[in-house]
Structure formats: C-alpha cells, structure tokens
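# Chains, contacts and geometry: an overview
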Amino acid sequence: MTNNGLTNTSVLISGASIAGPALAYWLRRYGCDVTVVEKAPALRPGGQAVDFKGATHRTVLERMGILEDVRRLRTGGRDQTVVDADGRRLAVIPGEFTGGEIEIRRGDLARLLYERTADGCEYVFGDSITSLTETDGGVEVTFERGAPRTFDLVVGADGVHSNVRRLAFGPESEFVHFLGHYYALADVGLDGDPAMYNEPGRMVSLGGPKAPAFLVFASERLDYDRFDVDGQKKLLIDAYQGGGWRTSEVLARIPGARDFYLDSISRVEVEHYSRGRVVLLGDAAYANTLGGFGTGLAIVGAYVLAGELLAARGDHRTAFARYEEGFRDYAAIARKGNAGPFLAPPSALRMRMRNWMFNSTLMLRMMLKLTDRFATGIELRDYSSV
Ligand SMILES: Cc1cc2nc3c(=O)[nH]c(=O)nc-3n(C[C@H](O)[C@H](O)[C@H](O)COP(=O)(O)OP(=O)(O)OC[C@H]3O[C@@H](n4cnc5c(N)ncnc54)[C@H](O)[C@@H]3O)c2cc1C
C-alpha cells in the first residue's frame, strides 16, 4: 500500500536510532519529504539488546514489512545465572524474561530501519539543531554545521537527553526525573557464561543479554560531564570499590574498555507531547531507562504519530492531539516502575526476594503475563484505509 496523502509536507526528525528511522519509514511511505539529522558522525553500531513483546509490536513490525528481518537478526536470548560471591548459583533468569519475545541488538535494529529508509529520506550525520523558530508557515531551523532550513514539522526522536525537547519545551531538569541509580555498559573482553552478581545497591553482570559487561548501582545524583568518558570510568571504578565476585577483574579492565557508556536510570515525563509544530517521539517523550518497554513504545509511537498525520491530512494540530490522546495511556507504563532496585536490590533481604521470584515459575509466568498486557494495551488503528 502506498498512500501519498502527505505529499509536500516536509518533516525534520532529530535522532537516527529507533524512533527516528521508524517514523521516517511511515512518513516517507505517506509521501512526506523526510530529513533525519543525527549528531553522531555515522549510524551508531552495537549497543544494548532491546526487545519486542506481544502481538501489538509484532503487528506493527509486520505492517512495516520487517518482522522477518527482525527475527533473522534476533540474539536468541540466553538464560542468565545469578551467583553469589563464590560464583555459586542462586537463581536463573530465563532469557524470555529479559529478552522478551524477540530480542535484537539496538544497533542491528537501527541499521535495518536505516536501510529501509535511506533511499527515500535524506540522512544528515554529524550535525545537530541549534535553534527552532516557529512561524505561521513552518519551523525555521538552524544547525551546528548545515545551512538554515525551514520545515513544516520537526520531530524530537533524540532520546532521553533530547535536544529538540530542550530547545522547544525547556531545560532537561523539568522533564527528566532521576530514579536513584546509574547504569554502565562496557566491553571489557571477559568471557564466560552469562552471570549476574549482587551486593546491596550494586549489580555486575557479565556475558549477559544486555551487554558484555552491564553494571547498575544505587547512588545520590552525581555531578559529571556526560561527554567525558574517562571521567565516567573513574566514577564507576569509585562506586564499585571493595566489590566481591569478579568485580576487581572488571574494574581493572574499565580504563581500557571499549563501547563504554554510563548514564542515570531516569524517567521522562512531559505534560504534552507537542508544542506547535514540534512533537516528541520515543525516549524523548516517554523513556523509562531499562524499564523494558522503550523500543516497543518507539515503534508503536512512530506508527501512531505518522498514521494520525495521514488521517488528519497533515493538519498537525489535530494529528498531534490524536497521537497524544491515543498513545498516552499506552505509554503510561513508562511512568511506572524503576528497574534500579530490581537489578540492584538495596538489601540482602530484597536480593533474596528478587531471586526467589526468578526461581518461582508461577511468579515468572505472572510477570510475563503482566508484561504482555502492558505491551498489547492499545487498539491499533488501521491507517491503510484512511
Ligand atoms: C542498557 C539498556 C537496555 C535496554 N533494554 C531495553 C529492552 O530490553 N527493551 C526495550 O524495549 N528497550 C530497552 N532499552 C531502551 C531502548 O534502547 C530505547 O527505548 C529505544 O532505543 C528507543 O529510543 P529512541 O530512538 O527514542 O532514542 P535513542 O535510542 O536514545 O536514540 C536517540 C538518538 O538521537 C541521537 N541524538 C542525541 N542527541 C542528538 C542531537 N542533538 N541531534 C541529533 N541527534 C541526536 C542519538 O545519537 C541517538 O542516535 C534499553 C536501553 C538501555 C540503555
């Protein structure tokens, strides 16, 4: 199906990870002129494993014609053992629990979406928006490197620390709520079966589904430079001093670690998804770090946002209002929960309770059922007939 209902509508999307290219796919299919601007110099490869769960995610991927490709690229989700300081098994986390129904590396998914959209859309890497000025007829945009341009609409699909949200909505501190934990991902070159170790308020996971080394720790809010990787490595090493199991081995390799990334576990809450001709999508609008729903929300959100623009024949006021109305309840899952205390329980008792849950088939089944209910809690409109 090709529906050119949005011909002559120009849209600038900031962010070429998951939400941005997914939206680009639909907008291009509906006839828009799409430009995607990405701060990184090229498509960012690798990254953590993300997942899809349940019939709604499957349906959207199917409608995009990529379900089989996503399945082909799946990681195969492995079980992970929870161990004590001597490496003895305490519990097993089934791959199904951490990896959903189809687990895929974020970078592989981003590449797939990019490849499906690169022909019809303009991708600009290594640039970033510096100002947005709305006029009656569009949004005047200036860039760090490129010449100023005007677009009908601008979409912020640029993640938790969204640049578009900052420029159009206000400072990050108003929308990003720190949840008392930090996480780090790194490739430290240590092999072994997937294992996870806890001490109160600290977790170290090696060979697991998310990354070669994945660490979560409880902390007060830390003051650090988001772009100073060496400073962040030092901060992580300080936070894990005296840790048991293989912690010292991991810490020794952190200074030379590849693909190092550290950030807070945070939740994004915006009162409205749009301001005039500017709208937010994905983590920029409704992130809950490590909550397990971000990728599904990005994919389904892109489908709904593009579909509502098509249904409203490009009338952004109507479309953005319907996107918010139709999506807010579904995205409410991002306002609940905090993965921090679950991954790094604050006490020995809470660690035992969490491990008991992993060992209880009944509890796991209940949690998977609940997850499925959240992931399928939206009635997908079929925009092919509008
Ligand atoms: C460790 C970890 C594990 C996760 N596990 C899961 C999981 O199991 N299941 C799940 O569903 N989700 C998971 N997620 C969440 C998932 O990665 C995101 O929700 C998903 O990628 C959707 O993100 P997005 O496209 O909205 O933003 P992001 O993936 O954050 O992408 C934002 C993009 O914007 C770019 N950008 C940033 N600033 C600018 C700028 N100024 N100008 C232009 N571009 C810019 C960035 O470089 C990036 O490419 C996990 C996340 C992490 C960190």
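Above this note sits the structure.
The paragraphs below set out a description of the structure included in this document.

Analysis parameters
- Residues numbered from 1 in each chain as written.
- Predicted model: local features only at pLDDT ≥ 70, side-chain atom pairs only at ≥ 80, totals over all residues.
- Heavy atoms only, no water.
- Helix = DSSP H or I, 4+ residues; strand = E, 2+ residues; numbered from the N terminus.
- Buried < 20%, exposed > 50% of the residue type's maximum accessible area, 1.4 Å probe, protein only.
- Lys, Arg positive; Asp, Glu negative; His and termini not counted.
- Salt bridge = Lys/Arg side-chain N within 4 Å of Asp/Glu carboxyl O.
- Polar contact = N/O pair within 3.5 Å; in protein donor to acceptor, adjacent residues only side chain to side chain.
- Contact = heavy atoms within 4.5 Å.
- Core = buried A, V, L, I, M, F, W, Y, C linked by side-chain atoms within 4.5 Å.
- Phe/Tyr/Trp six-rings, centres within 6.5 Å; stacked < 30°, edge-to-face > 60°.
- Pairing = 2+ DSSP bridges.
- Axes fitted to C-alpha atoms, helices over the stretch in contact; angles between N-to-C directions.

## A look at the side chain of D263
Within the secondary structure, D263 sits in strand β16 (residues 258-268). Buried charge D263 goes without a salt bridge, the closest partner of opposite sign being R226 at 5.4 Å. Of note is the side chain of D263, whose polar atom sits 3.4 Å from the side chain of Y261. Those residues in contact with D263 that lie beyond four places of it in its chain are H161, Y182, Y183 and Y224.

## A closer look at the environment of V139
Position of V139 among the secondary structure elements: in strand β9 (residues 139-143). The exposure class of V139 is buried, given its relative accessible area of 1%. Sequence separation of V139 and D152 is 13 residues, and the distance between their C-alpha atoms is 6.1 Å. When near neighbours in sequence (up to four residues on either side) are disregarded, V139 contacts L132, T133, E134, R149, T150, F151, D152, V154 and R277.

## Details of the nonpolar core
I13, L27, Y286 and F327 are the most contacted members of the largest nonpolar core, which has 82 residues in total. Examining the composition of this core, we find that 11 residues originate from one element, helix α10 (residues 294-311), more than from any other. Sequence-distant contacts of L27, that is, excluding residues within four places in its chain, are made with L6, V11, I13, C32, V34, A306 and L309. Judged by nonpolar contacts, the second largest core, of 25 residues, contains A184, F217, Y240 and V250.

## Digging into the packing of aromatic side chains
Counted according to the given criterion, the structure contains 23 aromatic pairs. With a centroid separation of 5.1 Å and 85° between ring planes, the pair formed by Y25 and W26 is classed as edge-to-face. For the residue pair Y25 and W26, the accessibility class agrees, reading buried in each case. Linked through ring pairs, Y25, W26, Y30, Y303 and Y383 together constitute an aromatic cluster.

## What about the sheet that holds strand β1 (residues 10-14)?
The strand order across the open sheet built from six strands is β7-β2-β1-β11-β18-β17, with neighbouring strands paired in mixed fashion. This sheet does not close on itself; its edge strands, each paired only once, are β7 (122-125) and β17 (274-275). Both β17 and strand β18 (residues 278-280) contribute to a ladder of two bridges, which runs antiparallel. Residue pairing in the sheet places R275 in a bridge with V278 of β18. In this fold helix α11 (residues 316-331) packs onto β11 (153-156), β17 and β18, with an angle of close to 15° to the strand it touches most, β18.

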